[in-house]
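Breakdown of the fold
The residues making up each chain are set out below.
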Protein chains: 2
Amino acid sequence: MRNPPALEQLVEALRCLPGVGPKSALRMAYYLLQRDRKGAGLLAQSLDQALQVVSHCGLCNNFSEQEVCPLCTSPARDHSLLCIVEMPSDLMMLEQTQSYNGMYFVLMGRLSPLDGIGPRDIHLDKLLKRAQDGEVEEVILATNYTVEGEATAHYVSELLRARGLKVSRIARGLPMGGEIEHVDSGTLAQAMLERRNVR
Amino acid sequence: MRNPPALEQLVEALRCLPGVGPKSALRMAYYLLQRDRKGAGLLAQSLDQALQVVSHCGLCNNFSEQEVCPLCTSPARDHSLLCIVEMPSDLMMLEQTQSYNGMYFVLMGRLSPLDGIGPRDIHLDKLLKRAQDGEVEEVILATNYTVEGEATAHYVSELLRARGLKVSRIARGLPMGGEIEHVDSGTLAQAMLERRNVR
Ligand SMILES: [Zn+2]
Ligand SMILES: [Zn+2]
């Protein structure tokens, strides 16, 4: 005695979600079919839509529905500064501090050899091309002050300085092991203002 | 600065999943778009397919792709016994014990006034009709031995006994507060064999 095939298939498919094991996938499938068919339909539609229209900005590598995102095309921003962050949520946190008016590059990850995430996975080719466009004068490393964020900052700064770029790191206003996404806005603004050159 | 609309929409849609808050919905959306677009596509497809073909068996109320499920139409089963369970997973656990060869009714929930789940939500009309088909001679209550499962068993037994049906309860082989889904197969078989009449 098993569940109907289409239900088993749905359970299997739900397991592609991070942090969802067999038990919670089953619970989700039951819930959707039993109590929220409307939500399930909307989810299917939203997945299809996002897959169709969301890609990466050709310049900053952030998620974008345009080839180049609105931030990258904005004439109001300072194109001589390029701030490197791990994730889109970090970019959004920095924007909220209103302490920075330059450009961004989103790595979409961090170096993490244990998880098999190497230089190729964080789009360093694209970053090097972006940083050497002739307009960028300073690259600001705003990766997390975690072990992996620090290693990433170190690796990236070596690459950029070897190409003659000025590189700085946001100040350690963040607590040790702290993640940008979870820090308060004032601390983060301070860290941005007190960024230091990488020697 | 916000995420692209289709991404925001996906995050919102993911929140229909039980146990998924704004933070983990965002994490899931990033993950799907960044690392598992194939899985996301398959998930959308599986949701659509399940919504289209999975409904409830007209007799036992379990999920089914047919109007009446294979178990309910099986001539090899004892149609004089009707076992009431909370969820499809409970039915499957009981089937695995191979200690029972009768029919089932799946409530798809349990009475839970605090969560706003009352008699109408657990399909008691359908159950009463099913139990009074003239073939059923004994109804076995196999709801969990939790507070809610016990309350459900009590409520349902009152209804059934008022209609002259013989009602029994699987034995408390399960530990207090135990859930059928998590008990070992031997204990569960014992509880089935030692079911007692409800007085
Ligand atoms: Zn961009
Ligand atoms: Zn059935």
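Starting afresh in each chain, residues are numbered from 1 along the sequence in its written order. As they are written, the chains are lettered A onward and the ligands numbered 1 onward, keeping that order. For a predicted model such as this one, the threshold for reporting local features is a pLDDT of at least 70, and the threshold for listing and counting side-chain atom pairs is 80 or more; totals across whole chains, interfaces and linings nevertheless cover every residue. To get the side-chain values, all heavy atoms of the structure are used, and hydrogens and water are removed first.

Chain A is annotated in an unreviewed UniProt entry as Recombination protein RecR from Methylobacillus rhizosphaerae. UniProt positions are given in the numbering used here, feature names are shortened, and annotations may be inferred rather than shown by experiment. Under the Function (unreviewed entry) heading, UniProt states for chain A: "May play a role in DNA repair. It seems to be involved in an RecBC-independent recombinational process of DNA repair. It may act with RecF and RecO." Taken directly from UniProt, the Sequence similarities (unreviewed entry) text for chain A runs: "Belongs to the RecR family."

Glancing now at the overall build of chain A. The helix and strand inventory of chain A stands at eight helices and seven strands. For each residue, the accessible area found with a 1.4 Å probe, counting protein chains only, is set against the maximum for its type, and the residue is called buried under 20%, exposed over 50%, and partly exposed in between. Looking at the 199 residues of chain A, the share that counts as buried comes to 54%. Here, residues are in contact when the closest pair of their heavy atoms is within 4.5 Å. Taking the contacts inside chain A whose residues are at least 6 apart along the sequence as the reference set, 56% of them involve residues at least 24 apart. Accessible surface for chain A amounts to roughly 9,400 Å². Of this, 50% is attributable to carbon and sulfur atoms. To qualify as a helix, a DSSP run of H or I must reach at least 4 residues; to qualify as a strand, a run of E must reach at least 2; elements of each kind are numbered from the N terminus. In these tables, accessible area is a Shrake-Rupley quantity obtained with a 1.4 Å probe, and a residue counts as shielded only by the protein chains included in the view.

Here the focus is the pairing of strand β4 (residues 102-106) of chain A. Residues and elements named next belong to chain A. Counting buried residues in β4 gives five out of five residues, a clear majority hidden from the surface. Strands pair, by our definition, only if DSSP identifies at least two bridges between them. Strand direction decides the pairing type here: strand β3 (residues 78-85) and β4, joined by five bridges, are parallel. Opposite Asp78, over in β4, you have Gly102 as the bridge partner.

Attention now moves to the relation of the copies chain A and chain B. Superposing copies: least-squares fit, C-alpha atoms only, residues required to have pLDDT of at least 70 in both. With an axial shift of 0.0 Å and an RMSD of 0.1 Å, the rotation relating chain A to chain B amounts to 180°. The transformation relating the two chain copies, once decomposed into turn and shift, fits a two-fold axis. Among all residues of chain A, the minimum C-alpha distance to the rotation axis is found for A:Ala44, at 2.0 Å. When the interface residues of chain A are mapped onto chain B, 100% of them are again interface residues, pointing to one common binding face.

Residue and element names in this part refer to chain B. Metal sites are built from N, O and S donor atoms within 2.8 Å, or 3.2 Å for Na, K and Ca, and they leave out water, so they may look incomplete. Coordination of the zinc ion (ligand 2) by the protein is provided by Cys57 (SG), Cys60 (SG), Cys69 (SG) and Cys72 (SG), with metal-donor distances spanning 2.3 Å. Considering all four donor atoms around the zinc ion (ligand 2), angles at the metal cover 106 to 118° and the coordination shape is tetrahedral. Between consecutive donor residues of the zinc ion (ligand 2), the sequence gaps follow C-x2-C-x8-C-x2-C. Pair noted here: Cys57 is in the loop between β1 (55-56) and β2 (63-64) and Cys69 is in the loop between β2 and α4 (70-73), with a separation of 12 residues, a long-range link. The two residues Cys57 and Cys69 agree in class, both being buried. When four donors show all angles between 85 and 135 degrees the site is tetrahedral, when four or six donors have opposite pairs over 155 degrees and all other angles between 65 and 115 it is square planar or octahedral respectively, and in every other case it is irregular.

Before going further, it helps to spend a moment on the coordination of the zinc ion (ligand 1). All names here are of chain A. Protein ligation of the zinc ion (ligand 1) involves Cys57 (SG), Cys60 (SG), Cys69 (SG) and Cys72 (SG), the donor distances falling in the range 2.2 to 2.4 Å. Of note is the zinc ion (ligand 1), whose four donor atoms meet at the metal with angles of 107 to 118° in an arrangement that counts as tetrahedral. Each donor residue of the zinc ion (ligand 1) lies on one chain, and together they are spaced C-x2-C-x8-C-x2-C. Residue class for Cys69 comes out buried when judged on its relative accessible area of 4%.

Take the domain arrangement of chain A next. Residue ranges assigned to the domains are those given by an automatic or database domain assignment. Entries for chain A in the domain assignment read domain 1 (5-53) and domain 2 (69-169). Using C-alpha coordinates to define each centre, domain 1 of chain A is positioned 34 Å away from domain 2 of chain A.

Counting residues at the interface gives 60 residues for chain A, matched by 60 residues for chain B. Here chain A packs against chain B, burying approximately 5,200 Å² in sum over the two surfaces, 70% of which is carbon and sulfur. By definition, a salt bridge exists where a carboxyl oxygen of Asp or Glu is found within 4 Å of a side-chain nitrogen of Lys or Arg. Remark: the boundary between chain A and chain B carries zero salt bridges. Residues adjacent in sequence count toward polar contacts only when both atoms are side-chain atoms; beyond that, a polar contact is any pair of N or O atoms within 3.5 Å, and within protein one must be able to donate a hydrogen and the other to accept it. In this assembly, chain A and chain B are joined by 15 residue pairs in polar contact (both at pLDDT 80 or more). Listed by contribution, the elements that provide at least two residues to the side of chain A that touches chain B are α1 (5-14), α2 (22-35), α3 (37-53), β1 (55-56), β2 (63-64) and α5 (88-97) of chain A. Amino acids are sorted into nonpolar (Ala, Val, Leu, Ile, Met, Phe, Trp, Tyr, Cys and Pro), charged (Asp, Glu, Lys and Arg) and polar (every other residue, Gly among them). By residue class, the composition of the side of chain A that touches chain B is 35 nonpolar, 15 polar and 10 charged. Once two parts are joined, some of their accessible surface, as seen by a 1.4 Å probe, is lost; buried area is that loss totalled over both.

All right, on to the packing of α3(A) against helix α3 (residues 37-53) of chain B then. One can describe the packing of α3(A) onto α3(B) by two numbers: an axis separation of 9 Å at closest approach and a directional angle of 145°. When you trace α3(A) past α3(B), the crossing you get is left-handed. Here α3(A) contributes A:Arg37, A:Ala40, A:Gly41, A:Leu43, A:Ala44, A:Leu47, A:Asp48 and A:Leu51 to the contact with α3(B), which in turn contributes B:Arg37, B:Ala40, B:Gly41, B:Leu43, B:Ala44, B:Leu47, B:Asp48 and B:Leu51. Of the residues belonging to the contact of α3(A) with α3(B), the class tally is 10 nonpolar, two polar and four charged. Axes here refer to lines fitted to C-alpha atoms; in helices the fit is confined to the stretch in contact. Angles between the N-to-C directions go from 0 to 180 degrees. By definition, turning the near helix anticlockwise from the far helix through less than a right angle yields a left-handed crossing, and turning it clockwise yields a right-handed one.

All names here are of chain B. Among the structural elements, Arg77 can be located in the loop between α4 and β3 (78-85). Given a relative accessible area of 13%, Arg77 falls into the buried group. Within the structure, the side chain of Arg77 is placed 2.8 Å from the backbone oxygen of Gly102, a separation counted as a polar contact. Aside from chain neighbours lying at most four places away, what touches Arg77 is Leu71, Glu95, Tyr100, Asn101, Gly102, Met103 and Tyr104.

Below, the discussion takes up the UniProt feature "zinc finger region: C4-type" (unreviewed entry) in chain A. As recorded in UniProt, the feature "zinc finger region: C4-type" (unreviewed entry) lies at residues 57-72 of chain A. Spanning residues 57-72 of chain A, this segment combines 19% helix with 12% strand, and its end C-alpha atoms are found 8 Å apart.

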